[in-house]
There are 2 protein chains.
Amino acid sequence: MQLERIRHSDLHNKVMSAEQASLFIKDGMTVGMSGFTRAGEAKAVPRALAERVRENPMKINLMTGASLGNDLDKLLTESGALARRMPFQVDSTLRKAINNGEVMFIDQHLSETVEQLRNHQLTMPDVAVIEAVAITEEGHIVPTTSVGNSASFAIFAKEVIVEINMLHQPELEGLHDIYIPSYRPTRTPVPLVKVDDRIGSTAIPIDPAKIVGIVFTNQSDSFSTVTDPDADTASIARHLVNFFKEEVAQQRMPANLGPLQAGIGNIANAVMMGLLDSDFKDLTMYSEVLQDSTFDLIDAGKLNFASGCSIILSERCNAQVFNNLEKYRDKLVLRPQEMSNHPEIVRRLGIIAINTALEFDIYGNVNSTHVCGTKMMNGIGGSGDFARNAHVSVFVTKSIAKGGAISSVVPMVSHVDHTEHDVDILVTEQGLADLRGLAPRERAIEVIKHCVHPDYRNAMLDYYERACVRGGHTPHILEEAFSWHTRLEQQGTMKQS
Amino acid sequence: MQLERIRHSDLHNKVMSAEQASLFIKDGMTVGMSGFTRAGEAKAVPRALAERVRENPMKINLMTGASLGNDLDKLLTESGALARRMPFQVDSTLRKAINNGEVMFIDQHLSETVEQLRNHQLTMPDVAVIEAVAITEEGHIVPTTSVGNSASFAIFAKEVIVEINMLHQPELEGLHDIYIPSYRPTRTPVPLVKVDDRIGSTAIPIDPAKIVGIVFTNQSDSFSTVTDPDADTASIARHLVNFFKEEVAQQRMPANLGPLQAGIGNIANAVMMGLLDSDFKDLTMYSEVLQDSTFDLIDAGKLNFASGCSIILSERCNAQVFNNLEKYRDKLVLRPQEMSNHPEIVRRLGIIAINTALEFDIYGNVNSTHVCGTKMMNGIGGSGDFARNAHVSVFVTKSIAKGGAISSVVPMVSHVDHTEHDVDILVTEQGLADLRGLAPRERAIEVIKHCVHPDYRNAMLDYYERACVRGGHTPHILEEAFSWHTRLEQQGTMKQS
């Protein structure tokens, strides 16, 4: 039963325990693991590694697609195994270690990691650990619920460990489309021109002789913790759907809006749920991560096709999708993150990019990563890949947090991940600011009028008006620009007493 | 003689004075003009317009490729003609009006303006005013020393005014390669795979019936004010050339480095001059602007081909190039800025992007535009188009300015145009910091060690060490992060007394 999943029979003798496989990972090595938004990560070998390191201290540099599930980043951090980590994470224990300066974290645009590897600008992985549903007759690897950076990691690594997860049905095979850009200077255009184009292979092509260990597992991905829309996220969705209607009416967007990208999390999910209640149809997605809302939209007959890099679902939706794969097979594709997020494709297709801001400022700069300018939350992820070249670049957030102690709209963001040049539309539950074609002073008026919470509106207007007295293309009072943040740090609230 | 330049004879009756032609431009209109980095701008009609507006006040929205020469932005500003201006400028009078909030300036990635027009996200030009060397038999427009946004402006505008500049030799024809992307959702890949590929036409294809006026002129572009390298810019060049040598030795760059892009100005020009004295050969450029150094490198047999969007030369070099066009003809091409700066091509070709920073900070964020976070200098230009997708993204600046009163390396930049995610290499005359694959705390050490001027090094180290005590992935002391800037504003120097 298990061995049927290893169709290249020369590899049958490579089956071993996770503990044995983990021994291929040695002190100082760079390791590339599968996993993207807590989907499709190798599960047993990292866990065995963490246990081993707890007894025999050593350090590795860990690269993944994006975040790992099943508490693996937590276990690896606690064991002290992580010297360096890239390009994304969402784990609270690892986050603390990063902010303490104990783990060096390299926060990258998710489309760029393997490009930098390909050019030897980052250290190549010594070992790749990839979750698979099967190994083909040719010895190629069929990924599971994410592709992430798995293909390039496996191609670049000297040794490859495969975890075959028996929980996944063999029918997952065929879902993936593995395309790897050729080397410069003879690189050719990425031949993808429609969201549903298939341009690569269904398995990761490597020399099977590189596969040094195969481990069988039977463990689910972590389930999505996405919650149902609340009043605020439903308002955000409503503002955005109304904006889309007007864009279509003005012929600035096609009737089906064009391919949609939505970031991970509750707000972006709520926005997609908002489309469920709208009249839009024939929608398509060209996104990183496919969440519950993707499948709800497909089930409702509103979404024709979804291209992504990973699938992360709630427990309810997980059963619905993976027990009915045939129903979705011709409506889905999973690609490497280099392709799901590729600037060339994002610009060509004209994607509507919807991502979540941690905070934004009155001039349209967005902070996606750093609390009060210093403490890393998760990472920039793919938001920059999409926002820069999108047809329309949207950022969403609730206008306040922590019961009103924090305004998500600030005079100046404390860290910039997306500059004023890359942000078109800002939305909070208060309303929507359309910044396209506006100068900074015009943007400030729109943001203050439409996005700032009433509790902070007068203070923001006061800051802006006093800054204008000083002048400048982008008026600011530098000694006061972060006063809302420092008040929060010192008094626990951004509100002036 | 003049009429020979209008080969579509139906248009012979459209010849008129600049004053007459300027009457097509009416109050409230959006006008698209040729001109990029003070090269190839329409010269007579804007001047006539400024004179007219001085008598009869009216306002227009002016779009160009980039900056205009011959003091046209100054004249138009002084006349009060400008309500809005995009996407770039370099004029001190206009700059003052922008910073006073009198002219609304929209500072854009230079590859994006016509994309936003194409999608009706910006107001379409009513009239286009384009400098040409000739009009073809088909009534198509042959540009002069820049292409900029001229092609799309002429295609989108309802009425087109052509200025035929008799100073330019007819031999300019054939230099240009006009490629316009098709409309979504049926857009195909840009078919350019080598710097010297020609993928379009040599003239701007429009319906000649749209040409409402033709004006003859005989006036030179403004000459480049680029100066010879000084000790500091020569040091910057030396650091960068040494870095390139090491990259080639480590096989991270090809022997000819790959296509080079260099921003406008003295420092980038000095870097290119530094290559003149190096052993590198078979160089190529895929850049925005071609300056003196481009032609010196061609003359020296070191540069095989240069693709750009405009040519701006010193008086000396101007005669050398335009009197010997045959010598350079098969080594040059001028493209629309949408193509010279296209992210798709930048990523495909693997460009080495070299741009000038106004200031950068210890974590690798770059400010290209705003003095003390508020006052616009010129604009982001194409630096973002190149830096984001470059093979290696380099930013250069002298470590100090104003006789040492300003440190160009600061604790936190006062405005962010290029985020930490998009910056690989920082160079001052002090040295070079290689930030690739480093976490923020590691980057800070490299920048302080290699880039900061000795006068500021201890103060910077002190800031960084005290910030680290507070912790965070990117340590900062928010209430002090701009103290160097506020000291400059209040005391005229960033130095602590």
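Residues numbered from 1 in each chain as written. Chains lettered and ligands numbered in written order. Predicted model: local features only at pLDDT ≥ 70, side-chain atom pairs only at ≥ 80, totals over all residues. Heavy atoms only, no water.

An unreviewed UniProt entry annotates chain A as Succinyl-CoA:coenzyme A transferase of Pseudoalteromonas haloplanktis. Its UniProt record gives chain A the following Sequence similarities (unreviewed entry) comment, quoted word for word: "Belongs to the acetyl-CoA hydrolase/transferase family." (UniProt positions renumbered as here; feature names shortened; annotations may be inferred.)

Visitor: Would you mind going over the overall build of chain A with me for this structure?
Guide: The helix and strand inventory of chain A stands at 17 helices and 25 strands. A compact globule built from 497 residues should have a C-alpha radius of gyration of about 23 Å, and chain A, at 23 Å, falls within 12% of that. Dimensions of chain A along its principal axes, counting C-alpha atoms only, are 75 × 50 × 45 Å. Per-residue burial for chain A yields a buried fraction of 68% across its 497 residues. For chain A, restricting intrachain contacts to residue pairs at least 6 apart in sequence, the fraction spanning at least 24 positions comes to 73%. As displayed, chain A has an accessible area near 15800 Å², and 50% of this comes from carbon and sulfur atoms. Here chain A carries 47 positive and 62 negative side-chain charges, and the mean point of each set is 2 Å from the other. (Helix = DSSP H or I, 4+ residues; strand = E, 2+ residues; numbered from the N terminus. Rg over C-alpha atoms; globule rule 2.2 N^0.38 Å. Buried < 20%, exposed > 50% of the residue type's maximum accessible area, 1.4 Å probe, protein only. Contact = heavy atoms within 4.5 Å. Areas by Shrake-Rupley, 256 points an atom, 1.4 Å probe, with all protein chains shown as cover. Lys, Arg positive; Asp, Glu negative; His and termini not counted. Charge placed at Lys NZ, Arg CZ, Asp CG, Glu CD.)

Visitor: What exactly am I supposed to notice about unusual backbone geometry here?
Guide: Peptide bonds are, in most cases, trans, and in most cases residues other than glycine have a negative phi. The linkage connecting M86 of chain A with the following residue, P87 of chain A, adopts the cis geometry, with an omega of -5°. Take P87 of chain A: it is sitting in the loop between β3 (82-86) and α4 (92-99). Residue R184 of chain B is joined to P185 of chain B through a cis peptide bond whose omega torsion reads 5°. Along the chain, P185 of chain B turns up in the loop between β7 (159-165) and β8 (211-217). In the Ramachandran plot, H120 of chain B falls in the positive-phi region, its phi being about 60° despite a non-glycine side chain. Tracing the backbone through its elements, the reader meets H120 of chain B in the loop between α5 (113-118) and β5 (127-135). Positive phi outside glycine occurs at C372 of chain B, with the angle close to 50°. Within the secondary structure, C372 of chain B is located in the loop between β18 (370-371) and β19 (375-376).

Visitor: Looking at this structure, I do not really get the packing of helix α8 (residues 266-276) of chain B against helix α9 (residues 292-299) of chain B. What am I missing?
Guide: Axis angle and axis distance: for two packed helices, these are the angle between their axes and the distance between the axes, and together they describe the pair. Residue and element names in this part refer to chain B. Contact geometry of α8 with α9 gives a least axis separation of 9 Å together with a crossing angle of 10°. Judged by the angle between their axes, α8 and α9 are roughly parallel. In this structure, α8 uses N269, M272, M273, L275 and L276 to contact α9, whose residues at the interface are D292, S293, D296 and L297. The residue inventory of the contact of α8 with α9, partitioned by class, reads five nonpolar, two polar and two charged. (Axes fitted to C-alpha atoms, helices over the stretch in contact; angles between N-to-C directions. Parallel < 35°, antiparallel > 145°, perpendicular 65-115°, else oblique. Nonpolar A, V, L, I, M, F, W, Y, C, P; charged D, E, K, R; others polar.)

Visitor: Just checking my understanding: could you explain the packing of helix α2 (residues 44-55) of chain A against helix α3 (residues 72-79) of chain A for this structure?
Guide: Residue and element names in this part refer to chain A. Running from N to C, α2 and α3 cross one another at 15°; their axes reach a closest spacing of 8 Å. When the axis of α2 is compared with that of α3, the two are roughly parallel. The crossing of α2 and α3 is left-handed. The segment α2 lies against α3, with P46, R47, L49, A50, V53 and R54 engaging L72, L75, L76, E78 and S79. Residue classes in the contact of α2 with α3 are distributed as seven nonpolar, one polar and three charged. (Left-handed = near helix turned anticlockwise from the far one by under 90°.)

Visitor: What is the right way to read the pairing of strand β12 (residues 303-308) of chain B from this model?
Guide: When a strand is regular, its side chains alternate between the sheet's two faces. All names here are of chain B. Summarising burial for β12: five of the six residues are buried, a large majority. Of the pairings in the sheet, the one linking strand β10 (residues 283-286) to β12 comprises four bridges and is parallel in character. Along β12, the bridge assignment pairs T284 with F305. Sheet topology note: the β12/strand β14 (residues 332-334) ladder contains three bridges and is parallel. In the strand pairing of β14, S307 is matched with V333. (Pairing = 2+ DSSP bridges.)

Visitor: Just checking my understanding: could you explain the UniProt feature "active site" (unreviewed entry) in chain A for this structure?
Guide: Residue and element names in this part refer to chain A. Here the UniProt-annotated "active site" (unreviewed entry) positions come out as E288. In this fold, E288 is placed in the loop between β10 (283-286) and β11 (289-290). Those residues in contact with E288 that sit more than four places away from it in its chain are F36, L110, G308, C309, S310, S340, N341, G381, G382 and F386.

Visitor: Would you mind going over the relation of the copies chain A and chain B with me for this structure?
Guide: One copy of the chain maps onto the other through a rotation about an axis plus a displacement along that axis. The transform that puts chain A on chain B rotates by 180° and translates by 0.0 Å along the axis, for an RMSD of 0.0 Å. Here the transformation between the copies is reduced to the relation of a two-fold axis. Scanning chain A for the C-alpha nearest the rotation axis identifies E344 of chain A, at a separation of 2.2 Å. Of the interface residues in chain A, 99% have counterparts in chain B that sit at the interface too, so the contact is made through matching surfaces. (Least-squares fit on C-alpha atoms with pLDDT ≥ 70 in both.)

Visitor: Explanation requested: the sheet that holds strand β16 (residues 359-361) of chain A in the structure shown.
Guide: Strand pairing in a sheet relies on backbone hydrogen bonds. The paired strands run either parallel or antiparallel. On the basis of which strands lie adjacent, the open sheet formed by three strands has the order β17-β16-β23 (chain A) and mixed pairing. Each having just a single partner strand, β17 (366-367) and β23 (409-410) of chain A make up the two edges of the open sheet.

Visitor: Mind showing me how you'd approach the environment of Y363 of chain A here?
Guide: Residues and elements named next belong to chain A. By secondary structure assignment, the location of Y363 is in the loop between β16 and β17. Taking the C-alpha atoms as reference points, Y363 and P181, 182 residues apart in sequence, are found 37 Å from one another. Those residues within four positions of Y363 in sequence are excluded, and the remaining contacts are E420, P440, R441, R443, A444, Y464, T474, P475 and H476. A distance of 2.5 Å separates the side chain of Y363 from the backbone oxygen of P475, its partner in a polar contact. (Polar contact = N/O pair within 3.5 Å; in protein donor to acceptor, adjacent residues only side chain to side chain.)

Visitor: Before we go on, may I ask you to explain the interface of chain A and chain B in this structure?
Guide: Accessible area lost upon the coming together of the parts is a frequently used measure of interface size. Across the boundary between the two partners, chain A contributes 79 residues, which contact 79 residues of chain B. Taking both sides of the interface into account, the surface hidden between chain A and chain B amounts to around 6400 Å²; carbon and sulfur atoms contribute 50%. The largest contributions to the chain A side of the interface with chain B come from R347, R388 and H421 of chain A, which together make up 13% of the buried area. Across the contact surface, chain A and chain B share six salt bridges. Two residues, E115 of chain B and R347 of chain A, come together in a salt bridge whose shortest N-O distance is 3.5 Å. Summed over the shared surface of chain A and chain B, the result is 44 residue pairs in polar contact (both at pLDDT 80 or more). (Buried area = accessible area lost by both parts, 1.4 Å probe. Salt bridge = Lys/Arg side-chain N within 4 Å of Asp/Glu carboxyl O.)

Visitor: I'm lost on the confidence of the model for chain A in this one. Help?
Guide: If pLDDT is low for a region, its predicted coordinates should not be looked at in detail. Counting all residues, the mean pLDDT for chain A is 97, and 100% of those residues have values of 70 or more. For this predicted complex, the interface confidence comes out at an ipTM of 0.98, alongside a pTM of 0.98. (pLDDT = per-residue confidence, 0-100.)

Visitor: I would appreciate a short explanation of the sheet that holds strand β17 (residues 366-367) of chain B in the present structure.
Guide: Residue and element names in this part refer to chain B. What the three strands build is an open sheet, ordered β17-β16-β23; its pairing is mixed. Only two strands of the sheet have a single neighbouring strand rather than two, namely β17 and β23 (409-410). Here strand β16 (residues 359-361) runs beside β17; their pairing, made up of two bridges, is antiparallel. Opposite E359, over in β17, you have N367 as the bridge partner.

Visitor: Would you mind going over the pattern of salt bridges with me for this structure?
Guide: Pairing of side chains with opposite charge becomes possible as their charged atoms draw close. Considering all chains together, one arrives at 66 salt bridges over all chains under this definition. The partner of R470 of chain A in a salt bridge is E479 of chain A, and the shortest N-O contact between them spans 2.6 Å. Judged by its relative accessible area of 43%, E479 of chain A is partly exposed. If you follow the salt bridges from partner to partner, you end up with E115, R118, R184, R187 and E338 of chain A together with R347 of chain B in one network.

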